[in-house]
Amino acid sequence: MSSEIPQDGLVLVVRENCPTCRLIAPVAADLEARGAMAAIYAQDNPDFPGGLRVRDDRHLEVSFRLAITIVPTLIHFQGGVETARVIGWSRQEWSNLAALDDLGPGLPDERPGCGSLSEEPGWAEELQARHGETGLDAATVTLQFPEDPFEIMDVRGWSDGLPVVPPTPARVLAMLRECTLAHDHVLGSIPPAGVELTVEKAAINAVMAGCRPAYFPVVLAALDAALDPDFAWQGLLSTTMGAGVAVIVNGPVVRRIGLNSGFNVLGHGNRANATIARALVLIAMNVGGARPGGTDRSTQGHPGKHGLCFAEDESDPAWQTLAVSRGIEEGRSAVTVFGFCGTSIMNDETARTAEDLVVSLARSLEAMCQIRSSRRGGGILLVIAGEFWRIFRESGWNRARIETALHDATAGPGGKTPMFGPGDLLVTHAGSHAGLFSTIIQGWGSGPAGSQPVTREVET
Amino acid sequence: MTTILLDPTAAHAAPARQRVAGHRSLEGLTVGLLDIGKRQGDVVLDHLERLLGERGIRTGRYAKPTFTKPAPSAVIDRVTAECDAVVEGLAD
């Protein structure tokens, strides 16, 4: 306990912008006049209540140390130990605490208080970082004015090339509050270096990627999926072919965190879409050591290596979601990770039937096929936008029929050279409802010998 | 005014491994030829096998199931038990 806080007597915490605090200002003056008040702390205006000896707590340190949740709060100390506190105004309880029986004549008997400024969104973690024990393990880097954190982080090699958000203790604490795992819980070994990743290091990198705390459960689910040996993250990170991680999100979490499934779904403009997969990229770089030219051997790479995350369009109940098709219970949130080597938009303005559309889609899929590579097919994530889905739906087709038709149409004469093995073709639905487009996202190596998509439920 | 940043990098480095000293000569040794599963990797290794055979050097052929994932420990154990040196065929 700070030595500034009185050891004995009554301590009152108020703020002017609280009707109950203004109501009890005469009581505070009465207690001070009678010598019963040891200290008054004001959270917003050190001149309130006027004419009294008020201590300035605009930095909220005392409010944090006293764990004030509501103002006014009246606390009694004896020998440096809190013996009792009253939250809000109650003539009876204030009188008992002050051992005076004629407080606040003319005031109502009781009046609830207002929220403490120390409880404002974002302040709890900031105050914890400033005045409390963070309990975090990471080494700290202290910058003095005028050092620019953005430049320092870049110089230290913490960035993927774009500016990163400074991972201050307050921001990291806020991120950690969004998960039930302990900060030192080990999530797994991050390739290529095979270094253990703790929840805390994941949170630091998620902050840097620009994630809001509410995104963190999705980041953790995506990490868990990426660490599944079937995903072969090590291969994706170190391959010369240049592969990135796509994260497709389903379920209620999409609306809760504001993920985009509509206009420009694979492009820019939405913070959740832009940052969730980027967190995995930064973790792979900062913890796994995957740096271009080092253990990341990408010959060319592609823009999607910055990380691709999007939500599936679940607005049409006739569309079975990707997560449900992969065994997740309806109504649950999930992520699916897919290793990919680039995207290509496919356009067909003449097809009017599902059968016709399958022909052009199949020819486009074949065009993505690596005919002289060991990765024939290589896995595909097909993102069907609104108008293509309308054509399929009006033809009475569903997900299963689309997948079967595309398998058949790409299997060569007599079905003897199938382009896709089981599970190598993922079909999803996203994008705006106008425009005769779909996007073909080219996989890396598919099947058990390559990188297989992995789905995980999001723990919320 | 100070700003405190938390270090995002690994707290611990990957485990350091001692390098095995190189050989001055391959005479009397066994050289493992490890195919990682990439197309045409066998072309390189076949050539090496022939060249080494012409010099009377023993060779052994080994293979990873796929280049996309680390070698299974059984493969690594066999190579280390049976060979004095190893060549990996990347062929990229």
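A.B. asks: What is the right way to look at the environment of Gly56(B) in this model?
C.D. replies: Turning to its location among the elements, Gly56(B) is positioned in the loop between helix H1 (41–54) and strand E3 (58–63). C-beta crowding within 10 Å serves as the criterion here: with 9 such atoms nearby, Gly56(B) is assigned to the exposed category.

A.B. asks: Which parts of the structure should I look at to understand the packing of helix H5 (residues 123–131) of chain A against helix H7 (residues 169–176) of chain A?
C.D. replies: Packed helices, taken two at a time, are described by the angle their axes make and the gap between the axes. Residues and elements named next belong to chain A. Between H5 and H7, the least distance of the axes is 8 Å, while the angle of their chain directions is 125°. Classed by the angle they form, the pair H5 and H7 counts as oblique. Here the hand of the crossing between H5 and H7 comes out right-handed. Between H5 and H7, the contacting residues are Glu125, Glu126, Gln128 and Ala129 on the first element and Pro169, Ala170, Leu173 and Ala174 on the second. Residue composition of the contact of H5 with H7, grouped by class: 5 nonpolar, 1 polar and 2 charged.

A.B. asks: Is there a simple way to think about the sheet that holds strand E6 (residues 81–87) of chain A in this case?
C.D. replies: Two strands in a sheet stick together by hydrogen bonds in their backbones, pointing the same way (parallel) or opposite ways (antiparallel). All names here are of chain A. An order of E3-E2-E1-E5-E6 is seen for the 5 strands of this open sheet, with the pairing classed as mixed. Because the sheet does not close on itself, it has two edges, and the strands there are strand E3 (54–56) and E6. In this sheet, neighbouring strand axes are inclined to one another by 25° on average, regardless of whether the strands run parallel or antiparallel. By the bridge criterion, 5 bridges tie strand E1 (residues 9–14) to strand E2 (residues 37–42) in an arrangement that is parallel. By the bridge assignment for E2, leucine 10 is matched with methionine 37. Strand contacts of helix H2 (residues 25–33): E1 and E2, with the helix running at about 145° to E2, the strand carrying the most contacts. Together, E1, strand E5 (73–78) and E6 form the strand contacts of helix H4 (residues 91–98), whose direction differs from that of E6 by roughly 160°.

What counts as what
- Residues numbered from 1 in each chain as written.
- Chains lettered and ligands numbered in written order.
- Predicted model: local features only at pLDDT ≥ 70, side-chain atom pairs only at ≥ 80, totals over all residues.
- Helix = DSSP H or I, 4+ residues; strand = E, 2+ residues; numbered from the N terminus.
- Buried ≥ 20, exposed ≤ 12 C-beta atoms within 10 Å, placed from the backbone.
- Axes fitted to C-alpha atoms, helices over the stretch in contact; angles between N-to-C directions.
- Parallel < 35°, antiparallel > 145°, perpendicular 65-115°, else oblique.
- Left-handed = near helix turned anticlockwise from the far one by under 90°.
- Contact = placed C-beta atoms within 7 Å.
- Nonpolar A, V, L, I, M, F, W, Y, C, P; charged D, E, K, R; others polar.
- Pairing = 2+ DSSP bridges.

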